[in-house]
Amino acid sequence: EDKVVQSPLSLVVHEGDTVTLNCSYEVTNFRSLLWYKQEKKAPTFLFMLTSSGIEKKSGRLSSILDKKELFSILNITATQTGDSAVYLCAPFNNAGNMLTFGGGTRLMVKP
Amino acid sequence: DAGVTQSPTHLIKTRGQQVTLRCSPISGHKSVSWYQQVLGQGPQFIFQYYEKEERGRGNFPDRFSARQFPNYSSELNVNALLLGDSALYLCASSLMRSSGRGNEQFFGPGTRLTVL
């Protein structure tokens, strides 16, 4: 059975801090890993990672995948209160055509 | 461009009733997936449909069913509702290219189902 573990479960930081969110996975027929930000309702797509060691960046957010060690990290630099959300990682199982989500990391950024 | 749309936004039902949720994918997307998200947990995969055929099924009872229409919109049906079916039901659309890349799935706002 596919398994995804995210850590930490929750995190409280102050504006300007840098945070690192972790995602480890065990997924059969792995194709890619996706990161999402969820504030109130719909998860918002952040990154899709398919290759090891290639960092993807979007503004203050960046992410990298290690397919050998089966983990991914999401970094957020110079955090802002608008970064407060639940961050979800989800590897894609190509056989089941499905994303398996972790429980998420709840990030709170205080002014 | 319109994103993924879902209806209704909220729904209240009683145990034993049946419910139908609707989803319209992003224009040009041919794949729709359904997820159930219980409060405090990550979304859990229910179904994927592509070109009107079921391509993936999660670990949900037969009370859950879905279909996809020629215009790629989709419906999720849940029969004999239980209290535990109360959740946010999310629909995601993707191109489902088979080029060797993964699938970027884009989510709709969800339908909040409450079963009393």
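So, here's what we can say about the structure. Source: prediction; values computed, not measured.

What about the nonpolar core?
So, point 1. Ranked by size, the top nonpolar core spans 21 residues in total, and within it Trp34, Ile46, Leu76 and Tyr89 of chain B carry the most contacts.
So, point 2. Elements supplying a minimum of two residues to this core: β3 (19–24), β4 (31–37), β5 (44–50), β7 (64–68), β8 (74–78), β9 (87–94) and β11 (111–115) of chain B.
So, point 3. Here isoleucine 46 of chain B is in contact with Trp34, Tyr35, Gln36, Gly56, Arg57, Gly58, Phe60, Phe64, Leu76 and Tyr89 of chain B, once residues within four sequence places are set aside.
So, point 4. Counting residues in each nonpolar core, the second largest holds 20 residues, with Val19, Tyr25, Leu65 and Tyr87 of chain A among its members.

Re the interface of chain A and chain B
So, point 1. Facing the 20 residues of chain A at the interface are 25 residues of chain B.
So, point 2. Both faces considered, chain A and chain B share a buried interface measuring about 1,800 Å² in area, 59% of it formed by carbon and sulfur atoms.
So, point 3. Joining chain A to chain B, the criterion identifies zero salt bridges.
So, point 4. For the pair chain A and chain B, the interface holds four residue pairs in polar contact (both at pLDDT 80 or more).
So, point 5. Residue assignment for the side of chain A that touches chain B shows that the elements contributing at least two residues are β4 (30–38), β5 (44–49), β9 (85–93) and β10 (98–99) of chain A.
So, point 6. Here the side of chain A that touches chain B gets five residues from one element, more than from any other, and that element is β4 of chain A.
So, point 7. In terms of residue class, the side of chain A that touches chain B is built from eleven nonpolar, seven polar and two charged.

Observations concerning the state of the cysteines
So, point 1. For the structure on display, the rule yields two disulfides over all chains.
So, point 2. Here cysteine 23 of chain A pairs with cysteine 89 of chain A through a disulfide, and the sulfurs are 1.9 Å apart. The sign of the S-S torsion, about 70 degrees, decides the handedness of the disulfide formed by cysteine 23 of chain A and cysteine 89 of chain A: right-handed. Pair noted here: cysteine 23 of chain A is in strand β3 (residues 19–26) and cysteine 89 of chain A is in strand β9, with a separation of 66 residues, a long-range link. Accessibility classification places cysteine 23 of chain A together with cysteine 89 of chain A in one group, the buried group.
So, point 3. Across the disulfide, cysteine 23 of chain B is cross-linked to cysteine 91 of chain B (sulfur-sulfur distance 1.8 Å). Judged by the torsion about the S-S bond (-60 degrees), the cysteine 23 of chain B/cysteine 91 of chain B disulfide is left-handed.

Re the sheet that holds β3 of chain B
Residues and elements named next belong to chain B.
So, point 1. The strand order across the open sheet formed by four strands is β1-β3-β8-β7, and the pairing between neighbours is antiparallel. With partners counted over all chains shown, the strands left at the sheet margins are β1 (5–7) and β7, one partner each. This sheet shows a mean twist of 15 degrees between the axes of neighbouring strands, independent of strand direction.
So, point 2. Pairing geometry for β7 and β8, over five bridges, is antiparallel. Bridge pairing in β8 links phenylalanine 64 to valine 78.

Looking at unusual backbone geometry
So, point 1. For the peptide bond that leads from serine 7 of chain A to proline 8 of chain A, omega is -10 degrees, which places it in the cis range.
So, point 2. Tracing the chain through its elements places proline 8 of chain A in the loop between β1 (3–7) and β2 (10–14).
So, point 3. Cis geometry marks the peptide bond from serine 7 of chain B to proline 8 of chain B; its omega dihedral reads -10 degrees.
So, point 4. Here proline 8 of chain B lies in the loop between β1 and β2 (10–13).
So, point 5. One non-glycine residue with positive phi stands out, namely asparagine 29 of chain A, at about 50 degrees.
So, point 6. By secondary structure assignment, the location of asparagine 29 of chain A is in the loop between β3 and β4.

Structural notes on the pattern of salt bridges
Residue and element names in this part refer to chain B.
So, point 1. This model, assessed by the stated rule, comprises seven salt bridges over all chains.
So, point 2. The closest approach of N and O atoms between glutamate 75 and arginine 22, which form a salt bridge, is 3.4 Å. Within this pair, whereas glutamate 75 is found in strand β8, its partner arginine 22 is found in strand β3, the two being separated by 53 residues in sequence.
So, point 3. On the basis of relative accessible area, glutamate 75 is assigned to the buried category, the value being 11%.
So, point 4. Notably, a salt bridge pairs arginine 63 with aspartate 85, separated by 2.8 Å at the nearest N-O pair. Placement of the pair is arginine 63 in the loop between β6 (53–57) and β7 and aspartate 85 in the loop between β8 and β9, with a sequence separation of 22 residues. Each member of the pair, arginine 63 as well as aspartate 85, carries the same accessibility label: buried.

Definitions and limits used
Residues numbered from 1 in each chain as written. Chains lettered and ligands numbered in written order. Predicted model: local features only at pLDDT ≥ 70, side-chain atom pairs only at ≥ 80, totals over all residues. Heavy atoms only, no water. Core = buried A, V, L, I, M, F, W, Y, C linked by side-chain atoms within 4.5 Å. Buried < 20%, exposed > 50% of the residue type's maximum accessible area, 1.4 Å probe, protein only. Helix = DSSP H or I, 4+ residues; strand = E, 2+ residues; numbered from the N terminus. Contact = heavy atoms within 4.5 Å. Buried area = accessible area lost by both parts, 1.4 Å probe. Salt bridge = Lys/Arg side-chain N within 4 Å of Asp/Glu carboxyl O. Polar contact = N/O pair within 3.5 Å; in protein donor to acceptor, adjacent residues only side chain to side chain. Nonpolar A, V, L, I, M, F, W, Y, C, P; charged D, E, K, R; others polar. Disulfide = S-S within 2.5 Å. Pairing = 2+ DSSP bridges. Axes fitted to C-alpha atoms, helices over the stretch in contact; angles between N-to-C directions.

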